[in-house]
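# Close look at the chain arrangement
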Amino acid sequence: MTSPDDLVPQSDSRDPLDAWLGDATWPEPDRHSLDRLRRHWRRVSPRRARQQRWMMIVAAAAACLLVALMARPWHAPPVSDPSTSPKQAVRDVPPSGRSVAQPSEGGPQPVHAPKTVAGGCSREPTLLEQLAFRMVANRRQASTLRQYEQLLDAAIAQLAADPQTDLNTLCQPLHERSALIEEQLLRRIPHLDGQKQVAAICLLGRLGGPRSIPLLSEACCYESTHAAAVLALARRADPADIRRLALAETDPELKQELVAVLLARQDEQSLGIYLEFVRSRQTRQAALGVLHRVEDPPVELLFGFLRSRRHSQRLAAARVLGCLDGPVISQRLIAMVLGNVNRQEAMVALLASSRLEAAEFVEHARSDYSLTAAVHAAQYQLRSAFQ
Amino acid sequence: MTRSIDRRTLDRLVIDCLPETLRFAVRLTGDPETAEEVVQEALLRVTRSWKSFRGQSRFRTWLLRIVINVFHDRFAAGWSGRPLPEDVADRRAVDPPSDVLAKELGQQIAARVSMLPPRQREVLILTAYERLTPREVADVLQISEANVHSTLHVARRRLQREMAAYLTEE
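Residues numbered from 1 in each chain as written. Chains lettered and ligands numbered in written order. Predicted model: local features only at pLDDT ≥ 70, side-chain atom pairs only at ≥ 80, totals over all residues. Heavy atoms only, no water.

## Some points on the overall build of chain A
Helix and strand counts for chain A stand at 19 helices and 0 strands. In chain A, the share of contacts with a sequence separation of at least 24, taken over all contacts with a separation of at least 6, comes to 63%. By element, 55% of the accessible surface of chain A is carried by carbon and sulfur atoms, the whole surface being about 25,100 Å². (Helix = DSSP H or I, 4+ residues; strand = E, 2+ residues; numbered from the N terminus. Contact = heavy atoms within 4.5 Å. Areas by Shrake-Rupley, 256 points an atom, 1.4 Å probe, with all protein chains shown as cover.)

Structure below.
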């Protein structure tokens, strides 16, 4: 299996692709390209635009001022006759009686150096102190790393010896440093084999992050690790990727596990894909078969899908709601029929249900003049969509 | 609350990022002239939307996102692949010198990277050449980190197959 560290071309990586990528040479842009782009930016930049606006404002103001100055002589008021205008003289301000301070003799006062703070002072660590701190820190880090390596070894050994071990319990002490554990697993998995490799992949599925996806995708291609890798991948892959895995999967048990992951995800996109599986004849059995596996199916989302714009999604959601067990669901569906809210879809769901109250309501609806047509239409839709 | 940058800072950031942005655009489009057009268009979009940049990501990643959007608008919809460069030495010719062969290989790889489907191309170039972390790539492309990893994996496998086929041609 290839190394999962395939994000950056490294000359010392084992994968030749990394060396090739490092050697890739693109055509060089014209040497004036950058200059042209800089000039383009200077023409269009917001700073330039603002400068231009200010210049226009200033120019407009200057023009107005010029016009005002030029027009002034024609509109100047007449000069007043000094013999008739009242005398206006500036009053003398009496002296305040305060004298101005004389400058001090001699130069400015010297600045005293601040006293040292009693009880020690802070300073830069010396080189020796820095080295000592680093050694202690490295030693602590190394011992932590060793501890987690030992925990990981123990977890792999235990899971390999007993595949039924509860993974949640096994992973609990390792969760704290999951990034470190992920890195260790990514390094080790290519060098392990047999049950240990499978065990390590299961642990990676629980503790790993998106970085582990390439290695898990690779592990799906090998028979010995396929099942573990597929399930590990399903925990963190996008709904579209899970769909792809489920469609490609030939093992019916694994296929159901993957479809169950979609149902358990509790988001619209995953549920939409799940409903595709319900709709499709090839995958319907697997899709409906996982309903009992999921502890907390997304009931509210399913009711939301009854209002979907796509007819096939509405019918699939109705079918699934009908298969889910629960008096609350039946009551809601009955209320929807009586309240004429998504009546058709609610009726399809009630027809698909095996609950007693659903069956009783449908019987009543057949004899109710206002609901008979809805029952027949729903029956027709159920038959034609899910034959 | 983050604030948008001022005009002077915007100027400085754009000028600083321009060389690597052009380089990125060349890798994305495979053609220097097209790359210059894409960057020009991207700069126009920067002038229209710079106030919306509030420092939630690095300026460079924000600018790369704009370049990718321009690329999508102009080219990805009509992407149909371009022919491989023809002006390369014929490997079957009489013993071309090793530096010519190395140059040819480099051009071939570059051409094939620039011919990947748009999303695979973007993810590969951003991780392998722009040295962005998967989280940053996910932020630029507005996809999940898991999607980045799986797309990168698919892109690498595709390139490996194509290059293996190219190198074993006799």
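## Details of the overall build of chain B
A tally of regular secondary structure across chain B gives 7 helices and 0 strands. Secondary structure elements in chain B, listed N-terminal to C-terminal, are α-α-α-α-α-α-α. Look at the contacts in chain B between residues 6 or more apart in sequence, and 69% of them connect residues 24 or more apart. In the structure as shown, chain B presents an accessible area of about 8,400 Å², 49% of it carried by carbon and sulfur atoms.

## Quick word on the packing of helix α17 (residues 343-352) of chain A against helix α19 (residues 369-385) of chain A
All names here are of chain A. At their nearest, the axes of α17 and α19 sit 9 Å apart, and the two run at 70° to each other. Taken together, α17 and α19 sit at an angle that is classed as roughly perpendicular. For the element pair α17 and α19, the recorded crossing hand is right-handed. Listed contacts from α19 to Arg 343, Gln 344, Met 347, Val 348, Leu 351 and Ala 352 of α17 are Ser 370, Leu 371, Ala 374, Val 375, Ala 377, Ala 378, Gln 379, Gln 381 and Leu 382. For the contact of α17 with α19, the class distribution of residues is 10 nonpolar, 4 polar and 1 charged. (Axes fitted to C-alpha atoms, helices over the stretch in contact; angles between N-to-C directions. Parallel < 35°, antiparallel > 145°, perpendicular 65-115°, else oblique. Left-handed = near helix turned anticlockwise from the far one by under 90°. Nonpolar A, V, L, I, M, F, W, Y, C, P; charged D, E, K, R; others polar.)

## Digging into the interface of chain A and chain B
Contacts between the two partners involve 40 residues from chain A and, on the opposite side, 49 residues from chain B. Taking both sides of the interface into account, the surface hidden between chain A and chain B amounts to around 4,200 Å²; carbon and sulfur atoms contribute 66%. Interface area lost by chain A to chain B is led by Trp20(A), Trp26(A) and Trp41(A), which between them contribute 20%. For the pair chain A and chain B, the interface holds 3 salt bridges. Two residues, Glu36(B) and Arg36(A), come together in a salt bridge whose shortest N-O distance is 2.8 Å. Taken together, chain A and chain B are joined by 15 residue pairs in polar contact (both at pLDDT 80 or more). Looking at the side of chain A that touches chain B, the elements with two or more residues in it are α1 (16-23), α2 (33-44), α3 (46-75) and α8 (213-219) of chain A. Top contributing element to the side of chain A that touches chain B by residue count: α2(A), with 8 residues. When the residues that make up the side of chain A that touches chain B are grouped by side-chain class, the tally is 18 nonpolar, 7 polar and 15 charged. (Buried area = accessible area lost by both parts, 1.4 Å probe. Salt bridge = Lys/Arg side-chain N within 4 Å of Asp/Glu carboxyl O. Polar contact = N/O pair within 3.5 Å; in protein donor to acceptor, adjacent residues only side chain to side chain.)

## Quick look at the confidence of the model for chain A
Here chain A shows a mean pLDDT of 80. Residues at 70 or above account for 82%. Throughout residues 1-12 of chain A the model reports pLDDT below 50, and contacts reaching past four residues in sequence, or to other chains, amount to 30 contacts. (pLDDT = per-residue confidence, 0-100.)

## Examining a nonpolar patch on the surface
Residues and elements named next belong to chain A. A surface patch of nonpolar side chains, amounting to about 350 Å² of accessible area, comprises Leu 127, Leu 128 and Leu 131. For Leu 127, the location among the structural elements is in helix α4 (residues 127-161). For Leu 127, a relative accessible area of 63% corresponds to the exposed category. (Patch = residues over 30% accessible without salt bridge, like charges linked within 9 Å, V, L, I, M, F, W, Y side chains within 5 Å. Buried < 20%, exposed > 50% of the residue type's maximum accessible area, 1.4 Å probe, protein only.)

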